[in-house]
Amino acid sequence: MQLYNKLSAQERAALIDAAGKDRITISFYKYHKIENPQLLRNKLFLEWNALDVLGRIYVSYEGINAQLSVPSENMHALKNQLDSIQFLKDIRLNVAIEQDNKSFLKLKVKVRNKIVADGLNDDTFDVTNIGVHVNAAEFNKLLQDPNTICVDMRNHYESEIGHFEGAITPDVDTFRDSLDIIEEDLKNHKEDKNLLMYCTGGIRCEKASAYYKHKGFKNVFQLEGGIIEYTRQVNTLGIENKFVGKNFVFDDRRAEKITDDVIAHCHQCGKPADTHTNCANEACHLLFIQCDECAEKMENCCSTACQEMIHLPYETQKELRKGKHASNKIFKKGRSEVLRFKG
């Protein structure tokens, strides 16, 4: 019985090309007490692998967080499978704004302590006492209210390329970093202002809204379905779009274009740009913004040192990587000292 992915990304990409079938990228989440995450994890892998589902899925005792792609012809079967699980029946699926058949190239279903790394002790507050969900029209109305403070619950590298007009965009690297910073910055407005939050698909706001209500915020609102669902409603219903730029996504697409505005800049030359890339040097893999000109000049590398590295024989590169960990650099996400115009 196969319970883990056995194909490389390159092998999977070739199979997708050979199949010539359109795929749909979707995401969903659900906070729900799961007694045996490992059992659910194995069930999902077996059933989704049979449907040619690819993606990154986290299962924990507190619920599920899924980002995946499925052949369009299997979408109905996937929905039926989700409906067969009681707590996932009729769950809202966030469909990607821009589709790419290669948004995911492996099926990874992992058991985690939490479905989002928030650093919170859930036993200290009521995680079910969440804020008020609002749709796109309601969000726009609140956004225009002078008594509203709108906060982007995403990280700096996400909001750097796109955000809502007038939103506070915390300069943080992780979700857990933002929680206490936002509370401290807004501590004098817990009762007299509306706290309006948003994120990519809604999952971070779900936990944050309960946390802020626990901390004494009286009027807490969150964008239902996040930026993804907001954009769908804007496009479908003809609602005014208050989001500017791109929506960062955590798959191989890296972003979805919401408007044509380019609000960020290349981290190497400073020209307007909003395309994220990972440094081509496998020992680095730094995430940063790079324009087309710099991508060609630097061969998708973040520095001349990394550019020199990729031209060494592969075995030499492997030897130089031994015993070295790049994670501290990866998670700087555009803040490395090698970048002249870093975020």
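Quick notes on the rules
- Each chain has its residues counted from 1, running along the sequence as written.
- Thresholds applied to this predicted model are a pLDDT of at least 70 for local features of residues and 80 or more for the giving and counting of side-chain atom pairs; totals over whole chains, interfaces and linings are not thresholded and use all residues.
- Only hydrogens and water are set aside; all other atoms, that is, all heavy atoms of the structure, feed into the side-chain values.
- Two cysteine sulfurs form a disulfide in these notes if their separation is within 2.5 Å.
- Each residue gets one of three labels from its accessible area relative to the maximum for its type: buried under 20%, exposed over 50%, partly exposed in between, using a 1.4 Å probe on protein chains only.
- Exposure above 30% relative accessible area and no salt bridge define the residues that can form patches, which grow by joining like charges within 9 Å and nonpolar side chains of Val, Leu, Ile, Met, Phe, Trp and Tyr within 5 Å.
- To be clear on the numbers: accessible area is Shrake-Rupley with a 1.4 Å probe, and residue cover counts the displayed protein chains and nothing else.
- Criterion for a salt bridge: a side-chain nitrogen of Lys or Arg within 4 Å of a carboxyl oxygen of Asp or Glu.
- Think of it this way: Lys and Arg go in the positive column, Asp and Glu in the negative one, and His and the chain ends go nowhere.
- To locate a charge, take NZ of a lysine, CZ of an arginine, CG of an aspartate or CD of a glutamate.
- In this description a helix means any DSSP run of H or I spanning at least four residues, a strand means any run of E spanning at least two, and both kinds are numbered starting from the N terminus.
- Note on pairing: two strands pair once DSSP finds at least 2 bridges between them.
- Whenever a helix is involved, its axis is fitted only over the stretch in contact; in every case the axis is a line through C-alpha atoms, and angles between N-to-C directions fall within 0 to 180 degrees.
- We call two residues in contact when some of their heavy atoms are within 4.5 Å.
- With a 1 Å grid spanning the protein atoms alone, the term cavity applies to any set of points in which a 1.4 Å probe fits but cannot get out, the term pocket to an open set with protein on both sides within 12 Å along at least five of seven lines, and the term lining residue to any residue with an atom within 4 Å of a point.
- Grid points are joined across faces, edges and corners, and a volume is the space filled by probe spheres set on the points.

> Residues and numbers for the state of the cysteines, please.
In total, this model carries zero disulfides according to the counting rule given. Of all cysteine sulfurs, the one in Cys302 lies closest to Cys284, which takes part in no disulfide; the gap is 3.7 Å. Residue Cys284 is classed as buried on the basis of its relative accessible area of 1%. Unpaired in terms of disulfides, Cys301 finds its nearest cysteine sulfur in Cys279, a separation of 4.5 Å.

> How would you summarise a positive patch on the surface if you had to cite specific residues and measurements?
Taken together, the side chains of Lys106, Lys108, Lys110 and Arg112 make up a positively charged region of the molecular surface. The residue Lys108 is located in strand β5 (residues 107-111) in this model.

> Got a sec to walk through the sheet that holds strand β7 (residues 148-152)? Specific residues and values, please.
On the basis of which strands lie adjacent, the open sheet formed by four strands has the order β6-β10-β9-β7 and parallel pairing. Lying at the two open borders of the sheet, with one neighbouring strand each, are β6 (132-134) and β7. The average undirected angle you get between the axes of adjacent strands in this sheet is 30 degrees. Sheet analysis places strand β9 (residues 194-198) next to strand β10 (residues 219-223), joined by four bridges and oriented parallel. Bridged to Leu196 within β10 is Phe221. Each of β6, β7, β9 and β10 is contacted by helix α4 (residues 136-144), which is oriented at about 135 degrees to β9, the strand it contacts most.

> Quick one: what's the story with unusual backbone geometry, residue by residue and with numbers?
Non-glycine residue Asp90 carries a positive phi angle of around 60 degrees. For Asp90, a relative accessible area of 56% gives the class exposed. Of note, Arg254 is a non-glycine position whose phi angle comes to about 70 degrees, a positive value. Residue classification places Arg254 among the partly exposed positions, given a relative accessible area of 25%.

> Just give me the short version of the layout of surface pockets, but keep the residues and values in it.
Estimates place the volume of the second largest pocket at around 470 Å³. Lining the second largest pocket are 22 residues, and of these Tyr29, Lys30, Tyr31, His32 and Glu206 lie nearest its centre. For the lining of the second largest pocket, the elements supplying multiple residues, two or more each, are β1 (23-31) and α7 (203-214). Sorting elements by how many residues they give to the lining of the second largest pocket places β1 first, with four residues.

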